[in-house]
Amino acid sequence: MRYYSPASLKEFFKISSQCPNGQKTFLAGGTDLMPCYEQGTPLPDHLIDLKHLRDLHSISVTENTLIIGALTTIQDLHDHPLIQGEFVALYQATHEFAGAQIRHRGTIGGNICNASPAGDLLPPLYAFDAQLILTGPQAERHLPIHEFILGPGKTALLENEILTSISLNRKRLRSQFQKVGLRQSMAISVVNLACTWEEDEDGFSMLEIAAGAVAPTVLILNAFTRAYLENPKKLPKLLQLIDEAIAPIDDIRATANYRRMVLKNLIWAFLTK
Amino acid sequence: MMLYHPKPDRFNLSLTVNGEVVEREIVTHLRLLDFLRDELRLTGTKEVCGEGECGACTIIMDGKTVNSCLILAVEAHGHEIITIEGLANMDELTDLQRSFEDHHAVQCGYCIPGMVLTGEKLLDRNPHPTREEIKHELSGNICRCTGYHKIIDAIEHAGDTE
Ligand SMILES: Cc1cc2nc3c(=O)[nH]c(=O)nc-3n(C[C@H](O)[C@H](O)[C@H](O)COP(=O)(O)OP(=O)(O)OC[C@H]3O[C@@H](n4cnc5c(N)ncnc54)[C@H](O)[C@@H]3O)c2cc1C
Ligand code: FES
Ligand code: FES
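Just so it is clear, the structure is predicted and the values come from calculations on it, not from any experiment.

Trainee: So what exactly am I meant to see when it comes to the overall build of chain B here?
Mentor: Helix and strand counts for chain B come out as 5 helices and 5 strands. For chain B, the α and β elements follow one another from N to C terminus as β-β-α-β-β-β-α-α-α-α. Computed over C-alpha atoms, the radius of gyration of chain B comes to 16 Å, within 12% of the 15 Å expected from 2.2 N^0.38 for 162 residues, which places it in the range of a compact globule. Overall size of chain B, expressed as C-alpha extent along the three principal axes, is 55 × 30 × 25 Å. Here chain B holds 162 residues, and the buried ones make up 52% of them. Nonlocal contacts in chain B, meaning residues at least 24 apart in sequence, comprise 53% of its contacts between residues at least 6 apart. Only carbon and sulfur atoms are counted for the fraction: they give 48% of the accessible area of chain B, which is about 8000 Å². Charge separation in chain B, taken as the distance between the mean sites of 15 positive and 28 negative side-chain charges, equals 5 Å.

Printed below as a string of C-alpha cells:
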C-alpha cells in the first residue's frame, strides 16, 4: 500500500489522477475507515491522506456566512464559540458525538462523505441548509447537502473530487438536536433529529425538522411542518404525516416500529414543551 | 487486529515518543498501536476491541487523547506521542496516578493506562471537573471491572491534600 500525504490541493490532484480508479482511498480522521479495515475490508493499494491540506482545517466567519473546512475535527467544531452561539443544534450534535478520542480525530467531512443514515452531524446540517463546496482538478461546484447525499454510503462526489468546505448561512435561527441510542454515549443513533425555528408572540413563524436514521437519507419533514404551522391544534392527527414521510428499517439496534414511535415522541415532546 | 496488505510498502518514519526522537523503517499498513507495542515494546498501551470503542489503546498525540488502534503509524510521522510510560518517572507517579492507588480504582488494570491518560488531559483543561464532566470525558473508555465509581472518585479528588 502506497501512502501519500499531499500538502496542497495541486499536489493532491496530481497524485490522485495518477492512482488508478477503484484502487485509491482518501483518508481523513480514519474513524470510519479504520474499523472497516480491522473488520476485514481490504486496504486500498493507494491511500491518500488529506490531513496535510492545511487550508481545509480552518473555520472562517464573515458577516453572513460560516465556512467550515472539511478536515475540521468534531472537537474543533464543538469548541468554536460561533457554533455554540449561533448553530446550537450542530454544537449539541458534536457534544453528544462518540467519546473524546474519536472527537479529536473524526472530521465533519468524513461524517458527510461517509453518508451514514445515522450520521449525527447530518440532521443539523440539513436543517441549517448547508451548502457543500466540492473541488475537482478543473473546477469547484456547490451543492446543497440534500443533493450530495444519495443513499447509505453514496454521494454525488465525482472521481478525483473532494469535499473541501461546508458553508452555513448565519440566519440566527433557534435550533435543537436530539438523539436516542441504545445507551447514552458511544452508541450509533437509533433516531436523531434537528429542529430549526423562528418564533414571535403567536408561536412559530418558521419551523424545519430534519430526521435521521428513519430512511436511507436524512429527511426534511416538510409536509408535516407546513400542516402544523397552519393548524397547531391538530397535532395529534398530523403525526400521521410523519409516518407517511419516513421509511425506517429493522436492524440489530432497533425495529422500524420503534424508530417510528421514538421519532414521533421526540417531535411531540419538542412541540408541546 | 493487525492489518495486512498483499503489496507491502515501506516508509521511513520519524516521530517523538515520550520526549525522544524515534526513527524506524516500517510498513505503511502498520497501526500506531502495533508500532508502539511491538516495535518499541511500550506495552502499557493495550488493545481490546481494535475498533475505537473501548479506549484501552488511548495515547496522547499532539496534546490530545486518541485511539492508537484507529491510526496508522505513518499518520504519526512528525508528530509527538506520549504513552502511559512517558507520563511520569517509574518511581514518581503523577497526582492522578497516586489518586488511582489511594481510591483503589484499579482492578485488572487493563483499561487503566487509557483511563489515566484521559483523566490527565481533562485535568489539564479543567482542574476541578464535576462528576458529570468526568463521565462525559470518559465515555470512550470502557472498564469491565470497577463499575467506574472509584475511577471517577480518583479523578475528582486527584491532588486533594488529605
Ligand atoms: C467508536 C466510534 C464511535 C462513533 N460515534 C459516532 C457518533 O456518535 N456519531 C456519528 O455520527 N458518527 C460516529 N462515529 C463514526 C465516525 O467517527 C464519524 O462518521 C466521523 O465523522 C468520520 O470522520 P473521519 O474523518 O474519521 O472519516 P474517515 O474514516 O477518514 O473517512 C470516512 C469516509 O469519507 C471519505 N472522506 C473523508 N473526508 C473526505 C473529504 N474531505 N472529501 C472526500 N471524501 C472524504 C473517506 O474516503 C471515507 O470514505 C463513530 C465511530 C467510532 C469508531
Ligand atoms: S483497542 Fe482501540 S479503542 Fe479499543
Ligand atoms: S480495571 Fe479491569 S477493565 Fe478496568
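Trainee: How should I be thinking about the site of ligand 1 in this particular structure?
Mentor: The local shell around ligand 1 holds 30 residues, among which A:Phe26, A:Gly29, A:Thr31, A:Asp32 and A:Thr107 are the closest. Around ligand 1, the neighbouring residues derive from chains A and B rather than from a single chain. The separation between an oxygen atom of ligand 1 and a polar main-chain atom of A:Phe26 is 2.6 Å. One nitrogen or oxygen atom from the side chain of A:Asp32 is found 2.6 Å from an oxygen atom belonging to ligand 1. For ligand 1, the accessible surface in isolation is 980 Å², of which the surrounding protein chains cover 91%. If you list the elements that add at least two residues to the shell around ligand 1, you get α2 (33-38), α7 (108-114) and β10 (162-169) of chain A. Counting residues per element, the shell around ligand 1 draws most heavily on α7(A), at 5 residues.

Trainee: Help me understand the interface of chain A and chain B, please; the structure alone is not making it clear to me.
Mentor: Where interface size is quoted, it is often the accessible area lost as the parts come together. Listed per partner, the contact involves 31 residues of chain A and 36 residues of chain B. On the chain A side of the contact with chain B, A:Met1, A:Glu38 and A:Gln101 bury the most area, a combined 28% of that side's loss. Taken together, the connections running from chain A to chain B amount to 5 salt bridges. Here B:Asp9 makes a salt bridge to A:Arg2, at a shortest N to O gap of 3.4 Å. Applying the counting rule to chain A against chain B returns 15 residue pairs in polar contact (both at pLDDT 80 or more). Every element with two or more residues in the side of chain A that touches chain B is listed here: β1 (2-4), α2, β3 (46-49) and α6 (100-105) of chain A. Looking at the side of chain A that touches chain B element by element, the count peaks at 6 residues for α6(A). By residue class, the composition of the side of chain A that touches chain B is 14 nonpolar, 9 polar and 8 charged.

Trainee: Help me out: how do you make sense of the pattern of salt bridges in this one?
Mentor: Opposite charge on two side chains makes pairing possible when the charged atoms of those side chains draw close. This model, assessed by the stated rule, comprises 25 salt bridges over all chains. For A:Arg105, the salt bridge is made with B:Glu75, and the minimal N-O distance between the two is 2.9 Å. In this pair, A:Arg105 is assigned in helix α6 and B:Glu75 in the loop between β4 (64-67) and β5 (80-82), connecting two distinct chains. Exposure remark for A:Arg105: the relative accessible area of 12% places this residue in the buried category. We classify B:Glu75 as buried; its relative accessible area is 2%.

Trainee: For this particular structure, what's the right way to read the packing of aromatic side chains?
Mentor: The relation between two aromatic rings is expressed through the spacing of the ring centres and the mutual angle of the planes. Taken as a whole and judged by the stated rule, the model has 9 aromatic pairs over all chains. What links up through ring pairs into an aromatic cluster is the set A:Trp197, A:Phe204, A:Phe224, A:Tyr228 and A:Phe270. The ring of B:Tyr110 carries B:Lys46 above its face, with NZ or CZ at 5.5 Å from the centroid.

Trainee: How do you make sense of the sheet that holds strand β12 (residues 191-200) of chain A when you look at a structure like this?
Mentor: Strand pairing within a sheet occurs via backbone hydrogen bonds; the two strands may be parallel or antiparallel. Residue and element names in this part refer to chain A. Taken in spatial order, the 4 strands make up an open sheet running β11-β12-β13-β14, and their pairing is antiparallel. If you trace the sheet from one side to the other, it starts and ends with β11 (174-180) and β14 (219-220), each paired once. When β12 meets strand β13 (residues 203-212), the two strands line up antiparallel, connected through 9 bridges. Looking at the pairing, Asn192 lines up with Gly212 of β13. Here helix α12 (residues 256-272) sits on the sheet in contact with β11, β12 and β13, set at roughly 20° to β12.

Trainee: Help me out: how do you make sense of unusual backbone geometry in this one?
Mentor: Among all residues save glycine, negative phi is the norm, and among peptide bonds the norm is trans. All names here are of chain A. The residue Asn160 is not glycine, and still its phi comes out positive at about 65°. Relative to the helices and strands, Asn160 is located in the loop between β9 (154-155) and β10. Positive phi is not limited to glycine here, since Arg172 has a value of about 55°. Along the polypeptide, Arg172 turns up in the loop between β10 and β11.

Trainee: Would you explain the side chain of A:Thr225 in this entry?
Mentor: All names here are of chain A. Residue position: Thr225 is located in helix α10 (residues 222-230). Engagement of the side chain of Thr225 in a polar contact is seen with the backbone oxygen of Asn222, the distance being 3.2 Å. Not counting chain neighbours up to four residues away, the residues in contact with Thr225 comprise Leu207, Glu208 and Ile209.

Trainee: So what exactly am I meant to see when it comes to the environment of A:Arg105 here?
Mentor: Separated by 77 residues in sequence, A:Arg105 and A:Ala28 place their C-alpha atoms 8.3 Å apart. Beyond its immediate sequence surroundings of up to four residues, A:Arg105 is in contact with A:Gly29, A:Thr31, A:Lys51, A:Thr73, B:Met61, B:Val66, B:Ile71 and B:Glu75. A polar side-chain atom of A:Arg105 sits 2.9 Å from a polar atom in the side chain of B:Glu75.

Trainee: How should I be thinking about the sheet that holds strand β2 (residues 24-27) of chain A in this particular structure?
Mentor: Residues and elements named next belong to chain A. In space, the 3 strands of this open sheet follow the order β1-β3-β2, with parallel pairing throughout. Only two strands of the sheet have a single partner each, and these edge strands are β1 and β2. Strand-to-strand twist of the sheet, defined as the mean angle between neighbouring strand axes without regard to direction, takes the value 20°.

Criteria and thresholds
Residues numbered from 1 in each chain as written. Chains lettered and ligands numbered in written order. Predicted model: local features only at pLDDT ≥ 70, side-chain atom pairs only at ≥ 80, totals over all residues. Heavy atoms only, no water. Helix = DSSP H or I, 4+ residues; strand = E, 2+ residues; numbered from the N terminus. Rg over C-alpha atoms; globule rule 2.2 N^0.38 Å. Buried < 20%, exposed > 50% of the residue type's maximum accessible area, 1.4 Å probe, protein only. Contact = heavy atoms within 4.5 Å. Areas by Shrake-Rupley, 256 points an atom, 1.4 Å probe, with all protein chains shown as cover. Lys, Arg positive; Asp, Glu negative; His and termini not counted. Charge placed at Lys NZ, Arg CZ, Asp CG, Glu CD. Near = heavy atom within 4 Å. Polar contact = N/O pair within 3.5 Å; in protein donor to acceptor, adjacent residues only side chain to side chain. Buried area = accessible area lost by both parts, 1.4 Å probe. Salt bridge = Lys/Arg side-chain N within 4 Å of Asp/Glu carboxyl O. Nonpolar A, V, L, I, M, F, W, Y, C, P; charged D, E, K, R; others polar. Phe/Tyr/Trp six-rings, centres within 6.5 Å; stacked < 30°, edge-to-face > 60°. Lys NZ or Arg CZ within 6 Å of the ring centre and 35° of its normal. Pairing = 2+ DSSP bridges. Axes fitted to C-alpha atoms, helices over the stretch in contact; angles between N-to-C directions.

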